[in-house]
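# Examination of the molecular architecture
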Amino acid sequence: MRKAKMGKSGRRAERDMAVLFTCIGRRVSLLKAFRDAARRLGRRIRLCGTDVTRLSPALQCCDEAFLVERTTHPRYISQLLAIVRKHGVQLIVPTTDLDLRALAAHRSRFERLGCHVLVSEPDVIDICRDKRLTCRFLRQNGFDGPRTWSPRAALEADRRGQLAWPCLIKPWDGSAAKGNTIVHDRNELLFFARRVPNAICQEMVTGTEYTCDVYVDSKRRVRCVVPRRRIEVRSGEVSKAQVVKDRRIMESAAEVVRRLGAGPGVITVQLFVTKRNAIKIIEVNPRFGGGAPLAIRAGADFPKWILQELGGQRPRIAFDGFEDGLVMLRYDSEVWLSPSGV
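Residues numbered from 1 in each chain as written. Predicted model: local features only at pLDDT ≥ 70, side-chain atom pairs only at ≥ 80, totals over all residues. Heavy atoms only, no water.

What follows is about the sheet that holds strand E8 (residues 181-183). The antiparallel open sheet is built from 4 strands, whose spatial order is E6-E9-E7-E8. Looking along the sheet, the strands with just one partner apiece sit at the ends: strand E6 (148-149) and E8. Taken together, the 2 bridges between E6 and strand E9 (residues 199-203) define a ladder with antiparallel strand orientation. Looking at the pairing, Thr 148 lines up with Gln 202 of E9. Most of the contacts of helix H8 (residues 186-193) go to E8, to which it runs at about 150°, and overall it touches strand E7 (167-171), E8 and E9. (Pairing = 2+ DSSP bridges. Helix = DSSP H or I, 4+ residues; strand = E, 2+ residues; numbered from the N terminus. Contact = heavy atoms within 4.5 Å. Axes fitted to C-alpha atoms, helices over the stretch in contact; angles between N-to-C directions.)

If you want it as structure tokens, here you go:
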């Protein structure tokens, strides 16, 4: 980090807080939320981001931008460590599933450099990333969720009359709904099971879908839960949503995160409320969700709380201290680059 400058009084001015967002992609709203939170706290902040391409919209909005290898590359973690060391990064915020496991496994290396990583423990990441393990965790802890089979087991369940059509084929390690396919009979199941990598078959759950943003503090205590009703989804990410202050949903999502031991940071829990008013947990993502700006705008000030905790403060947080009914309608915007910037 740059050396702090001397103020007129002769005292050393407060050092900038450097925050690094990995795989930053299109997370412009999240960047803006952190910048606004720092301003309200009276803190100087440098927002840094990484991506694999210069043509990343959010990368253009960072104070410092870094091109790195893909998250699966052997040099990925060493590149992040070099950025942290050279630029005095104090906090890493992952924004996708891609590098959660690697960051969790190497957390201690970052901490030795004075950098906090907003990531859950490796075993928590494993449960969340593998939908088979997620299903087992939910069942063992008394939560309701979709029945899940291997394609072979699904065919056997159908033969015994225990499978209701249609059902859903998806990768057990997938994200952003990539590869998710509705199948209506045995032939379609056989066809898509061969084409969807790492395929599992799940019961189709219907009802009202919610994503809950769950804030977990540095001591891994659940402090706030914001349910967002998913009105419209585009490419696996919510484009229209509404805050719904439903205490039963909030308590259910909080208990899932407590039992899982996820955090610190924001954990997203996806669930359905069925026509019979049952809550079925679909999946858990131990990171900021794409629709988190709605929860932040509604008053769940995640960036402020994170920065306060990073600075040694204890934020005042109300479990339900957010605006009910707020609606988010997302739209495309533009980032302009000169020819030399491409």
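Structure's up, so let's keep going.
A separate point is the packing of helix H7 (residues 151-159) against H8. Contact geometry for H7 and H8: axes closest at 11 Å, N-to-C directions at 175°. One way to sum up the angle between H7 and H8 is to call them roughly antiparallel. Counting all contacts with H7, which are made through Pro 151, Ala 154, Leu 155, Asp 158 and Arg 159, the residues of H8 involved are Arg 186, Leu 189, Leu 190 and Ala 193. Of the residues contributing to the contact of H7 with H8, the split by class is 6 nonpolar, no polar and 3 charged. (Parallel < 35°, antiparallel > 145°, perpendicular 65-115°, else oblique. Nonpolar A, V, L, I, M, F, W, Y, C, P; charged D, E, K, R; others polar.)

The next subject is the packing of aromatic side chains. Tallied over the entire structure, the rule returns 8 aromatic pairs. Centre to centre, the rings of Tyr 215 and Trp 305 are 5.2 Å apart; their planes meet at 65°, and the pair counts as edge-to-face. One end of the pair, Tyr 215, is in strand E10 (residues 208-216); the other, Trp 305, is in helix H11 (residues 302-310), and 90 residues separate them in sequence. Exposure remark for Tyr 215: the relative accessible area of 1% places this residue in the buried category. Residue Trp 305 is classed as buried on the basis of its relative accessible area of 6%. (Phe/Tyr/Trp six-rings, centres within 6.5 Å; stacked < 30°, edge-to-face > 60°. Buried < 20%, exposed > 50% of the residue type's maximum accessible area, 1.4 Å probe, protein only.)

Okay, a nonpolar patch on the surface next. Taken together, the side chains of Leu 55, Val 335, Leu 337 and Val 342 make up a nonpolar region of the molecular surface, amounting to roughly 350 Å² of accessible area. Tracing the chain through its elements places Leu 55 in the loop between strand E2 (45-51) and strand E3 (64-67). For Leu 55, a relative accessible area of 56% corresponds to the exposed category. (Patch = residues over 30% accessible without salt bridge, like charges linked within 9 Å, V, L, I, M, F, W, Y side chains within 5 Å. Areas by Shrake-Rupley, 256 points an atom, 1.4 Å probe, with all protein chains shown as cover. Salt bridge = Lys/Arg side-chain N within 4 Å of Asp/Glu carboxyl O.)

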